[in-house]
Each structure stands twice: as C-alpha cells, then as structure tokens.
Amino acid sequence: MTLAQENSAAQPALEVIPGAGRPRRTKISHWVIFALAVTVAFFGLIYSRISLDHSAFEIQELEEQIAVQEQLHWQLRYELAQIQDPAALDEHIADLGMVYPEERVALSVPVVRVDELSPDYRWAQLKAILSAQP
C-alpha cells in the first residue's frame, strides 16, 4: 500500500537567502588550545615547585629541632655520667653517714604451701583485699 503524495508543484521552490540562517560557530584555533595547554602546564609547574619548597622548609625546621634534641640528649647523658661517678658517690655517701655493714645477717622464712591454708582463710583474705579497694 502506498500513500498518496501531495502535489509538489503547489509548494514554493526552496530559495537560498544569503546571510540568513544559523549563526556560524566560532572555531577555536589549534594554536589557541596549544597555548592554553602550555600556560596551564607552566602554572602547574610553578605550583609544584612552591609545594616542594614548602616541604623543604619543613624538613629543614625538623632537622634543626632534631639537632637541638640530640644536643640535649648528649648533655643529659654527660650529666648522668657525672652523677653516677663512683668517686663522687663515695663523697655523698660519707656525708650522709652511710657505711657498709660489718657482718651479714642471713634471714630464713619458712615456706608456706598453698594447699596448707584453708579455703575459708583464703576467701577472707580475698574479701579483705577487694573491700579495701574503692
């Protein structure tokens, strides 16, 4: 089945009117795009350089702090060695009146086995310890 076509002679012929129609799109030249890409890359490099310099300054500051702490560490080690000097300790001990004992006294404590204690006594001790806690 075919459709009947309208009479094409009744329609006016197409006519080209100069200057009328869609406005032309402006074309961006490839050189403009290239220049824009180079400019963005240039500023990107500048930003990366600035961030690297900032990191370098932070590292330098941390190294200075480490050097100060190392100097303090070795100064404290030196002071500790002076304090622990046996000759200096002998003088301080003598000033305090401390002496070595003339004889040694041996102490002996009888060993108490756990199974010799009654469970009630052990529970009483445990209760006393736990009740003393706040």
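Located above this text is the structure these notes cover.
Quick look at the structure, then. (Residues numbered from 1 in each chain as written. Predicted model: local features only at pLDDT ≥ 70, side-chain atom pairs only at ≥ 80, totals over all residues. Heavy atoms only, no water.)

Side note on a nonpolar patch on the surface
- A cluster of nonpolar side chains, Phe 42, Phe 43, Ile 46 and Ile 50, forms an exposed patch at the surface whose accessible area comes to about 410 Å².
- Tracing the chain through its elements places Ile 46 in helix H1 (residues 30-83). (Patch = residues over 30% accessible without salt bridge, like charges linked within 9 Å, V, L, I, M, F, W, Y side chains within 5 Å. Areas by Shrake-Rupley, 256 points an atom, 1.4 Å probe, with all protein chains shown as cover. Salt bridge = Lys/Arg side-chain N within 4 Å of Asp/Glu carboxyl O. Helix = DSSP H or I, 4+ residues; strand = E, 2+ residues; numbered from the N terminus.)

Details of helix H3 (residues 119-132)
- For H3, which comprises 14 residues, the first-to-last C-alpha distance of 20 Å matches the rise-based estimate of 20 Å (1.5 Å per residue) to within 8%.
- Taken across its 14 residues, H3 has zero buried, putting it largely on the surface. (Expected span 1.5 Å × (residues − 1). Buried < 20%, exposed > 50% of the residue type's maximum accessible area, 1.4 Å probe, protein only.)

A few points about the pattern of salt bridges
- Considering all chains together, one arrives at one salt bridge under this definition.
- Among the ionic pairs, Arg 49 bridges to Asp 53, the shortest N-O distance being 3.7 Å. In this pair, Arg 49 and Asp 53 are both assigned in helix H1, four residues apart and thus about one turn of the helix distant.
- On the basis of relative accessibility, which here comes to 54%, the residue Arg 49 falls in the exposed class.

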